[in-house]
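What follows is the residue order along each chain.
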Amino acid sequence: MSEFVLSEEHEALRLALRRFADEQIAPHAAEADELGEFPRRSFEAYRDSGFIRLPYPVEHGGDGGDMVAYAMLVEEVARACAASSLFVLISRLAVSPILAHGSPELIARVVPRVVTGEWQGSYCLSEAQAGSDVASMTTRAVRDGDHYVLTGTKMWITNAGISDFYTVFARTGADGARGISAFVVERDRPGFSIGKLESKMGVRGSPTGEVVLDDCAVPAENLIGEEHAAFGYAMGALDGSRPIVGAQAVGIAQGAFDVAARYATERVQFGSRIGDLQGIQFLLADMATRLDAARLLVYRACAMVDAGAEGTSKAAAMAKMFASDTAMAVTTDAVQVLGGAGYTRDFPVERMMRDAKVTQIYEGTNQVQRIVIARRLLDEYTGA
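Residues numbered from 1 in each chain as written. Predicted model: local features only at pLDDT ≥ 70, side-chain atom pairs only at ≥ 80, totals over all residues. Heavy atoms only, no water.

1. A short note on the nonpolar core
In summary, soluble globular proteins display a tendency toward joint burial of nonpolar side chains.
Then, number 1: The biggest cluster of nonpolar side chains holds 72 residues, and the ones touching the most others in it are Tyr 46, Tyr 70, Leu 73, Ile 244 and Val 298.
Then, number 2: Within the residue set of this core, elements represented by two or more residues are helix 1 (8-25), helix 3 (40-49), helix 4 (67-80), helix 5 (82-101), helix 7 (230-266), helix 8 (278-307), helix 9 (312-338) and helix 10 (349-357).
Then, number 3: For this core, the leading source of residues is helix 7, giving 13 residues.
Then, number 4: Not counting residues up to four positions away in its chain, the partners in contact with Ile 244 are Met 67, Tyr 70, Ala 71, Val 74, Leu 89 and Cys 302.
Then, number 5: With 29 residues, the next largest nonpolar core counts Ile 107, Phe 169, Ala 182 and Tyr 233 among its residues. (Core = buried A, V, L, I, M, F, W, Y, C linked by side-chain atoms within 4.5 Å. Buried < 20%, exposed > 50% of the residue type's maximum accessible area, 1.4 Å probe, protein only. Helix = DSSP H or I, 4+ residues; strand = E, 2+ residues; numbered from the N terminus. Contact = heavy atoms within 4.5 Å.)

2. Observations concerning helix 4
Then, number 1: Between its first and last C-alpha, helix 4 extends 20 Å over 14 residues, near the 20 Å set by a 1.5 Å rise per residue.
Then, number 2: By the N-cap criterion, in which a side-chain oxygen at the helix start approaches the backbone nitrogen of a residue two or three places on, helix 4 is capped by Asp 66, the distance to Val 68 being 3.3 Å. (Expected span 1.5 Å × (residues − 1). Polar contact = N/O pair within 3.5 Å; in protein donor to acceptor, adjacent residues only side chain to side chain.)

3. With respect to the packing of helix 1 against helix 3
Then, number 1: The interhelical angle for the contact between helix 1 and helix 3, taken along N-to-C directions, is 145°, at an axis separation of 10 Å. For the crossing formed where helix 1 meets helix 3, the hand is right-handed. The segment helix 1 lies against helix 3, with Phe 20, Gln 24 and Ile 25 engaging Ser 42, Ala 45, Tyr 46 and Ser 49.
Then, number 2: Its residues placed into classes, the contact of helix 1 with helix 3 shows four nonpolar, three polar and no charged. (Axes fitted to C-alpha atoms, helices over the stretch in contact; angles between N-to-C directions. Left-handed = near helix turned anticlockwise from the far one by under 90°. Nonpolar A, V, L, I, M, F, W, Y, C, P; charged D, E, K, R; others polar.)

4. Topic: the pattern of salt bridges
Then, number 1: Applying the stated criterion across every chain, the model contains 24 salt bridges.
Then, number 2: Asp 63 serves as the salt-bridge partner of Arg 53, at 3.6 Å between the closest nitrogen and oxygen. Pair noted here: Arg 53 is in the loop between helix 3 and helix 4 and Asp 63 is in the loop between helix 3 and helix 4, with a separation of ten residues, a long-range link.
Then, number 3: Each of the salt bridges in this network shares a partner with another, and the network as a whole consists of Arg 14, Arg 18, Glu 75, Glu 76, Asp 292 and Arg 295. (Salt bridge = Lys/Arg side-chain N within 4 Å of Asp/Glu carboxyl O.)

5. As for the environment of Leu 86
Then, number 1: One can find Leu 86 in helix 5.
Then, number 2: Overall, the relative accessible area of 3% leaves Leu 86 in the buried class.
Then, number 3: Sequence-wise, Leu 86 and Leu 35 are 51 residues apart; in three dimensions their C-alpha atoms are separated by 17 Å.
Then, number 4: Look past the residues within four positions of Leu 86 in its chain and what remains in contact with it is Thr 158, Val 203, Ser 206, Gln 248 and Tyr 362.

6. Regarding helix 1
Then, number 1: Taking 1.5 Å as the rise per residue, helix 1 with 18 residues should run 26 Å; its terminal C-alpha atoms sit 25 Å apart, in good agreement.
Then, number 2: For helix 1, the set of buried residues is His 10, Leu 13, Arg 14, Leu 17, Phe 20, Ala 21 and Ile 25. Buried positions in helix 1, seen along its axis, are confined to an arc of 135° and lie on one side of it. Seen from the buried face of helix 1, the exposed residues on the opposite side, beyond 90 degrees, are Glu 8, Leu 15 and Glu 23.
Then, number 3: In the core, the buried residues of helix 1 are packed alongside helix 2 (29-35), helix 3, helix 4, helix 5 and helix 8. (Arc of directions from axis to C-beta.)

7. Thoughts on a nonpolar patch on the surface
Then, number 1: A contiguous nonpolar patch, built from Phe 4, Val 5 and Leu 296 and spanning about 330 Å² of accessible area, is present on the exposed surface.
Then, number 2: As for its placement among the helices and strands, Val 5 is situated in the segment before helix 1. (Patch = residues over 30% accessible without salt bridge, like charges linked within 9 Å, V, L, I, M, F, W, Y side chains within 5 Å. Areas by Shrake-Rupley, 256 points an atom, 1.4 Å probe, with all protein chains shown as cover.)

8. A few points about the packing of aromatic side chains
Then, number 1: Tallied over the entire structure, the rule returns eleven aromatic pairs.
Then, number 2: Between Phe 43 and Phe 87, the ring centres sit 5.3 Å apart and the planes meet at 90°, which makes this aromatic pair edge-to-face. Taken as a pair, Phe 43 in helix 3 and Phe 87 in helix 5 lie far apart in primary sequence, 44 residues in all.
Then, number 3: Judged by relative accessible area, which is 3%, Phe 87 ranks as buried.
Then, number 4: For the ring pair Tyr 263 and Phe 347, a centre distance of 5.7 Å and an interplane angle of 85° mean the geometry is edge-to-face. Here Phe 347 lies in the loop between helix 9 and helix 10 and Tyr 263 lies in helix 7, a separation of 84 residues in the sequence.
Then, number 5: Looking at Tyr 263, the relative accessible area reads 12%, which means it is buried.
Then, number 6: On the basis of relative accessibility, which here comes to 29%, the residue Phe 347 falls in the partly exposed class.
Then, number 7: The rings of Phe 38, Phe 43, Tyr 46 and Phe 87 are connected pair by pair, giving a single aromatic cluster. (Phe/Tyr/Trp six-rings, centres within 6.5 Å; stacked < 30°, edge-to-face > 60°.)

Spelled out as structure tokens, the structure:
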């Protein structure tokens, strides 16, 4: 990919992904939202399509797709169903620290199962008093012979109760960032359970809940990397996943824009299409421009991650922040274009508006993203 133009291979992939999402993901989206149930048929279609292998390394059974291809996968699924895009991205996030820092044995035990869809994974970082302030976590892991015993509760965990393993961050040392380690915790470990499942505004087909660890013992070989080093692992994983959340936001916004633009060509008022009214045209023009700008920021950040370029953290934060703010603005305007119809569940834009909100919150709130961006900018100007 050049800086601004996608390759023919990427464009062909987008067409294939869009066809798949329209035919096998979109039909289940409204039901998953209405019932608040995991869209299992969508996941099975995703698993069987082969696209599940796209964002994983070839040496572990994946297709070795680049980050832009991965972003496109999440974007196109989110365009059809935001809840389904979460099972696309959350398992990849869960294995990210394992791939980067895990032992060969741990990688071989976990990653191939995720690549085939046999296992799904969750990423367990947040706690009730440790959301944006990750270093304040209180979940503990104590070495006991050839095991670690984990105690604590993780909050707002995506795919809670669905996933087969959980990448859990816990304190093994002193307070602060330097005392955190990471572990693979399989769902069948004694002392592991799922607590409260949240009733949410949006992405209702993706369960979010508590992971409870009550003297949960895991083998020492389930430690990811080194003791006390996992705060860095978590931040590195977030730098890679924030552009993907940006891609999810772009997909939600694109889905809403498509509905609004189509409606503007069909709805007649005052003897002409509402798309001929300047007020609607201005809304659509602003929506489309924001969408293109957000997509470019996302793809740039993804390309920088692939290249190992300097400044990835700032670019990732910019992509996530701008794309999620765009998703909220575009979905809100899409409801406005449809008027009263947009406020009903006869059209998907009200669902998309509810779904968009969480992209401004998770993977670091947009206020946190602004802090990251500002600090990186100031570092550049002070030579730090």
